[in-house]
Amino acid sequence: MARFVTFRVITAVCLLTLLSLITFVVYATIPVEPAGFLVDLQHAKPSQIAAAHDALGLNHSVWYRYGDYLRRLAHGDFGTAWSSLGIGYDGQIHGAAVGHMVYEAAGVTGSIILGGAVLLVVIAVPLALVSARAPRSVLDRTVVAISLVGISTHPLVIGVVLRLMFGERWRWLPPTGYCNLTGPPALPDFRLANGAIPQGCGGLKEWTTHLILPWLTFALFFVALYMRMLRARLLETLHTHYVRTARAKGAGEFRVLGRHALPNVVAPMSIMLAMDAGTAIGISIYIESVYFLPGVGHLLLNALNGERGYDLPLILGVMFISATAIIALNALADVIARVIDPRITSISRSGAGGVRSGLA
Amino acid sequence: MSAGARARRTLRGDKVLFASALAALLLVASVAIGPPILSAALGHTSDEPFPYATDPIFRKPVDPLTKVYDTTREYSDESGYQRVAPPKGTQKTWFFAGADSSLGRDELLRLLEGGRTSLEVAVGGTLLAMVIGLLIGMVGGFLGGLVDAAFARFTEFVMAFPLMLLVIAIGTQTNNHLDAITLGFLPPGVFALIVLIGGFTWFYPARVIRTQVAELRNREFVEAAVMIGAKDSRILRTHVLPHVLPTALVYLTLLVPVNVLLEAGITFLGVGIHLPTPSWGNLLSTTWGTVLSPTAFDARRATVWLTLLPSLMIFITVFTFNQLGEGLREAFDTEGRG
């Protein structure tokens with residue numbers, strides 16, 4: 001186990017370094033003028049542009065800058081987002097820390113993914129149960145057909161159509177935006193024209209109503225794959241001798257399914273859930289851009305398409321932090337798999353599922 | 001029985017496979033030769049704006065199955081503000097799928113031409129991915145060793161990583177350089193997207209083929225070929241390649257729908273095909289409430305059809321090619337182990 005963990009950590013560090021190097025070099029060698037984040041390029045004197053370069057640390061070679069970035073990274077400093085830079089009253093340059101921005105956005109993305117995963121389980125397990133209980137029945141065929149349709153539907157299409165119908169056309173739920181779970185954000189130094197303090201939205205109720213459509217989108221994207229897997233597993237289980245024995249002993253249907261059949265699918269499902277973490281983060285980019293949620297994907301899109309050019313520290317920060325999270329989650333999936341079933345040496349994705357996860 | 005004969009027999013026996021192969025052919029044919037035939041039959045092209053295909057005040061495009069005046073000029077009364085019907089004798093023309101936007105172009109023609117772009121991207125990206133995947137998978141699986149192990153770890157990492165983050169982070173930059181390359185027949189932006197998609201999806205076929213070749217490596221006929229002194233390149237070409245071709249074909253078919261979805265996704269996020277070139281991705285995303293057109297949905301200005309029709313086209317394509325791929329997988333009896 002110790003050797004396994006060491007190996008995983010070393011590969012993870014190598015891959016993360018490689019990833020940050022590629023991103024850094026691709027972006028650092030583009031002929032765009034990042035000084036525009038600090039000075040007005042149209043009117044600035046060359047000396048002012050030089051000072052801006054100095055402040056942004058652009059006076060060195062790409063390799064020196066990359067080394068410097070790694071050094072600061074080792075101290076847990078992701079740098080300051082260029083797009084947030086400004087000169088304060090004290091004449092100093094201020095900006096938002098990338099680490100903090102990603103942390104806040106990760107809360108939003110996390111809310112989408114966790115809620116969506118819960119909804120996914122709530123939808124997929126009962127459907128798989130009713131489907132596996134009576135194979136080839138009308139109900140089973142419907143469920144299989146739905147999962148076939150689901151597998152061919154773009155998450156974007158699900159999102160856009162749900163937003164269009166439930167959010168915009170029928171107005172059942174708020175179509176866009178995000179509300180904090182902990183309560184409305186304080187806006188102390190800001191007043192509307194009539195002198196009122198603007199009320200941000202927040203709290204459990206508004207958080208939930210704003211996230212129902214994103215959760216549904218997330219769950220519907222994954223539900224087809226999960227239902228397929230669960231149904232196959234349950235069909236296998238329902239044909240085993242111990243289930244027949246339980247039936248012969250007169251156990252009720254509820255007990256047979258709940259006590260004897262379901263525990264067999266808990267393990268593969270939890271492994272699958274942990275392994276799909278990467279796909280989930282990818283899917284949440286679509287969800288965030290459809291429902292305008294300020295999550296990690298949204299942060300990355302803004303960093304790439306900013307008015308004054310790309311925001312290198314923010315791009316690197318988002319890439320690095322999400323890659324770390326995914327590597328950690330995959331390692332966790334490996335460990336869960338080993339704990340649940342010691343026969344497993346390494347988990348791998350199945351063919352079609354693997355191809356499809358390329359989508360995100 | 002050879003793989004080809006078995007495939008032909010299955011094609012006759014398997015109705016789903018036959019139907020999906022037919023549907024896929026029909027789809028490709030309709031986006032390839034459909035637009036010129038249809039515009040000749042209807043009498044207008046996909047780029048012509050028809051003012052009478054939109055609402056006079058809010059410019060809301062007409063719904064599907066409408067006949068509109070066949071004129072690109074808009075007539076008004078003496079005040080110059082009120083729209084009036086064109087002069088008597090103006091012909092009407094069919095808009096089977098309605099109009100595409102406030103410009104009033106034919107949505108059906110745009111859908112078909114967008115489909116051509118999308119399929120060009122998807123098929124091109126798939127072919128590129130398959131070429132890279134075959135090369136790396138075969139060489140890696142055959143030679144084994146350190147390079148192969150490093151590749152396997154790298155592939156695992158990439159497969160776990162949210163591809164979309166990488167694609168949009170790298171793609172925003174590379175597309176600026178590659179957008180103008182058209183190779184003489186592609187719309188602008190397609191080549192850049194082919195390179196981007198092909199460069200990020202070759203891992204899946206490579207992995208499957210690597211596993212298969214590593215198994216074949218230890219079979220008797222390969223050992224025999226090694227023993228009589230055949231070169232590695234010859235063994236790979238004449239002994240190994242025929243065995244992995246069915247798998248390659250299955251993955252070729254299964255990657256097309258994934259890449260259709262990817263094109264739509266990338267374009268939706270503002271990195272892929274740009275207007276005025278239509279593609280299913282930007283037909284879906286230039287309607288309302290997206291990064292590309294961040295206005296809220298307004299029932300007076302937008303119709304739900306402009307969202308539903310491209311969605312439907314994407315769905316039909318993906319569904320067809322998925323069924324075809326699964327059918328082929330069964331026909332060839334290849335284990336699609338990832």
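Quick caveat, the model's predicted, so the values are computed rather than measured.

Reading guide: rules and limits
- Residues numbered from 1 in each chain as written.
- Chains lettered and ligands numbered in written order.
- Predicted model: local features only at pLDDT ≥ 70, side-chain atom pairs only at ≥ 80, totals over all residues.
- Heavy atoms only, no water.
- Helix = DSSP H or I, 4+ residues; strand = E, 2+ residues; numbered from the N terminus.
- Buried < 20%, exposed > 50% of the residue type's maximum accessible area, 1.4 Å probe, protein only.
- Areas by Shrake-Rupley, 256 points an atom, 1.4 Å probe, with all protein chains shown as cover.
- Contact = heavy atoms within 4.5 Å.
- Pairing = 2+ DSSP bridges.
- pLDDT = per-residue confidence, 0-100.
- Domains from an automatic or database assignment.
- Phe/Tyr/Trp six-rings, centres within 6.5 Å; stacked < 30°, edge-to-face > 60°.
- Lys NZ or Arg CZ within 6 Å of the ring centre and 35° of its normal.
- Buried area = accessible area lost by both parts, 1.4 Å probe.
- Salt bridge = Lys/Arg side-chain N within 4 Å of Asp/Glu carboxyl O.
- Core = buried A, V, L, I, M, F, W, Y, C linked by side-chain atoms within 4.5 Å.
- Axes fitted to C-alpha atoms, helices over the stretch in contact; angles between N-to-C directions.
- Parallel < 35°, antiparallel > 145°, perpendicular 65-115°, else oblique.
- Left-handed = near helix turned anticlockwise from the far one by under 90°.
- Nonpolar A, V, L, I, M, F, W, Y, C, P; charged D, E, K, R; others polar.
- Expected span 1.5 Å × (residues − 1).
- Bend = angle between axes of the 7 residues up to and from the residue.
- Patch = residues over 30% accessible without salt bridge, like charges linked within 9 Å, V, L, I, M, F, W, Y side chains within 5 Å.

Some words on the overall build of chain A
And step 1. Of regular secondary structure, chain A possesses 14 helices and two strands.
And step 2. Per-residue burial over chain A gives 47% buried out of 360 residues.
And step 3. Working note: accessible area of chain A is about 18,000 Å², and carbon and sulfur atoms make up 64% of it.

Considerations on the overall build of chain B
And step 1. In terms of helices and strands, chain B carries 11 helices and two strands.
And step 2. Secondary structure elements of chain B, listed N to C terminal, follow the sequence α-α-β-β-α-α-α-α-α-α-α-α-α.
And step 3. Expressed as a percentage of its 338 residues, the buried residues of chain B come to 52%.
And step 4. For chain B, long-range pairs separated by at least 24 residues make up 71% of all intrachain contacts whose partners lie at least 6 apart in sequence.
And step 5. Total accessible area computed for chain B in this model is approximately 15,100 Å², and 64% of it derives from carbon and sulfur atoms.

Quick word on the pairing of strand β2 (residues 92-95) of chain B
Consecutive side chains along a regular strand alternate between the two faces of the sheet.
All names here are of chain B.
And step 1. Of the two faces of β2, only one is covered, namely that formed by Thr-93 and Phe-95; the face formed by Lys-92 and Trp-94 stays uncovered.
And step 2. Where strand β1 (residues 66-69) and β2 come together, four bridges link them in antiparallel fashion. Its bridge partner being in β2, Val-68 is matched across the sheet by Thr-93.

As for the confidence of the model for chain A
All names here are of chain A.
And step 1. For chain A, per-residue confidence averages 78 on the pLDDT scale, and residues scoring 70 or more make up 87% of the total.
And step 2. No element of chain A has a lower mean pLDDT than helix α14 (residues 351-356), which averages 43, and none a higher one than helix α4 (residues 98-133), which averages 88.
And step 3. Within the model, pLDDT remains below 50 along residues 347-355, and this stretch shows 29 contacts once partners closer than five positions in the same chain are excluded.

Concerning the domain arrangement of chain A
And step 1. When its domains are assigned, chain A resolves into domain 1 (2-94) and domain 2 (99-306).
And step 2. Between domain 1 of chain A and domain 2 of chain A, the C-alpha centre-to-centre distance is 36 Å.

Details of the environment of Leu-58 of chain A
Residue and element names in this part refer to chain A.
And step 1. If you trace the backbone, Leu-58 turns up in the loop between α2 (46-56) and α3 (62-74).
And step 2. A relative accessible area of 15% places Leu-58 in the buried class.
And step 3. A C-alpha to C-alpha distance of 9.5 Å links Leu-58 and Ala-28, two positions 30 residues apart in sequence.
And step 4. Apart from the residues within four sequence positions on either side, Leu-58 is in contact with Pro-34, His-53, Arg-65 and Trp-82.

Describing the packing of aromatic side chains
And step 1. Counting across every chain of the model gives 10 aromatic pairs over all chains.
And step 2. Here the aromatic residues Phe-218, Phe-221, Phe-222 and Tyr-226 of chain A are joined through ring pairs into a cluster of three or more.
And step 3. Between Arg-217 of chain B and the ring centre of Phe-142 of chain B, over which it is positioned, the NZ or CZ distance is 4.6 Å.

Here we look at the domain arrangement of chain B
Interface size is commonly expressed as the accessible area that is lost once the parts come together.
Residues and elements named next belong to chain B.
And step 1. The domain boundaries assigned to chain B delineate domain 1 (3-38 + 106-331) and domain 2 (49-105).
And step 2. Every contact between the two is made by 12 residues of domain 1 and, on the other side, 16 residues of domain 2.
And step 3. In terms of surface lost to domain 2, no three residues of domain 1 exceed Asp-106, Arg-300 and Arg-301, which account for 38% of the buried area on that side.
And step 4. Here domain 1 and domain 2 share zero salt bridges between them.
And step 5. Counting residues per element, the ones that place at least two in the side of domain 1 that touches domain 2 are α3 (107-143) and α11 (305-332).

Section: the nonpolar core
And step 1. In terms of nonpolar packing, the biggest core is built from 112 residues, with Ile-168 and Ile-266 of chain B touching the most fellow members.
And step 2. Broken down by element, the residue count for this core peaks at 18 residues, all from helix α7 (residues 204-238) of chain A.
And step 3. Beyond its immediate stretch of four places on either side in the chain, Ile-168 of chain B contacts Tyr-27, Ile-285, Leu-300, Leu-301 and Leu-304 of chain A together with Leu-269 and Val-271 of chain B.
And step 4. Ala-225, Leu-236, Tyr-251 and Leu-284 of chain B belong to the second largest nonpolar core, which has 44 residues in total.

Observations regarding the packing of helix α1 (residues 2-28) of chain A against α3 of chain A
Residue and element names in this part refer to chain A.
And step 1. In contact at an axis separation of 11 Å, α1 and α3 are set at 140° when each is read in the N-to-C sense. In this view, α1 runs oblique relative to α3, as classed from their interaxial angle. Like other packed secondary-structure pairs, α1 and α3 cross with a definite hand, here right-handed. Here Thr-17, Ser-20, Leu-21, Phe-24, Val-25 and Ala-28 of α1 lie close against α3, whose contacting residues are Val-62, Trp-63, Arg-65, Tyr-66, Tyr-69 and Leu-70.
And step 2. Here the contact of α1 with α3 is built from residues that sort into nine nonpolar, two polar and one charged.

What about helix α6 (residues 155-169) of chain A?
And step 1. Between its terminal C-alpha atoms α6 of chain A stretches 20 Å, which fits the 21 Å expected from 15 residues at 1.5 Å a residue.
And step 2. At Arg-163 of chain A, α6 of chain A shows its largest kink, close to 30°.
And step 3. Among the 15 residues of α6 of chain A, 12 are classified as buried, and the element is accordingly described as predominantly covered.
And step 4. Listed as buried for α6 of chain A are Pro-155, Leu-156, Val-157, Ile-158, Gly-159, Val-160, Leu-162, Arg-163, Leu-164, Met-165, Gly-167 and Glu-168 of chain A.
And step 5. Turning to α6 of chain A, the residues buried within the fold contact α7 and α11 (277-291) of chain A together with α9 (232-268), α10 (280-285) and α11 of chain B.
And step 6. Taken from the residues just after α6 of chain A, Arg-171 of chain A is the one with a positive phi, measuring 60°.

Some remarks on the confidence of the model for chain B
Detailed reading of the predicted coordinates is not advisable wherever pLDDT falls low.
Residue and element names in this part refer to chain B.
And step 1. Of the residues in chain B, 87% reach a pLDDT of 70 or more, and the chain-wide mean stands at 79.
And step 2. Averaged pLDDT values over the elements of chain B bottom out at 67 in helix α1 (residues 3-13) and peak at 87 in α3.
And step 3. Two numbers describe this predicted complex: its pTM, 0.81, and its ipTM, 0.76.

What to know about a nonpolar patch on the surface
All names here are of chain A.
And step 1. Among the surface-exposed residues, Val-5, Val-9 and Val-13 lie close enough to one another that they form a single nonpolar patch of about 230 Å² accessible area.
And step 2. Following the sequence through the fold, Val-13 ends up in helix α1.
And step 3. Taking the relative accessible area as the measure of exposure, Val-13 reaches 48% and is therefore partly exposed.

Considering the packing of α6 of chain A against α11 of chain A
When two helices pack together, their arrangement is given by the angle between their axes and by how far apart the axes lie.
Residue and element names in this part refer to chain A.
And step 1. Running from amino to carboxyl end, α6 crosses α11 at an angle of 25°, the nearest separation of the two axes being 9 Å. If you check the angle between α6 and α11, you find them roughly parallel. In the crossing of α6 with α11, the sense of the turn from one axis to the other is right-handed. Two secondary-structure elements touch here, α6 through Pro-155, Leu-156, Gly-159, Val-160, Leu-162 and Arg-163 and α11 through Ile-283, Tyr-286, Val-290 and Tyr-291.

Brief notes about the pattern of salt bridges
And step 1. A complete count under the given rule lists six salt bridges over all chains for this structure.
And step 2. Measuring nitrogen to oxygen at the nearest pair gives 3.9 Å for the salt bridge that ties Arg-72 of chain A to Asp-77 of chain A.
And step 3. Among the salt bridges present, the one from Arg-329 of chain B reaches Glu-326 of chain B, with a minimum N-O distance of 3.6 Å. Residue Arg-329 of chain B and its partner Glu-326 of chain B are located together in helix α11, separated by three residues, close to a single helical turn.
And step 4. For Arg-329 of chain B, a relative accessible area of 13% gives the class buried.
And step 5. Taking the relative accessible area as the measure of exposure, Glu-326 of chain B reaches 25% and is therefore partly exposed.
And step 6. In the salt-bridge network here, residues are joined through shared partners; they are Asp-68, Arg-71, Arg-72 and Asp-77 of chain A.

Things to note about unusual backbone geometry
All names here are of chain A.
And step 1. In the Ramachandran plot, Arg-171 falls in the positive-phi region, its phi being about 60° despite a non-glycine side chain.
And step 2. Inspection of the secondary structure assignment puts Arg-171 in the loop between α6 and α7.
And step 3. In this structure Arg-171 comes out as exposed when scored by relative accessible area, which is 55%.
And step 4. Located in the positive-phi region is Phe-292, a residue other than glycine, with phi close to 50°.

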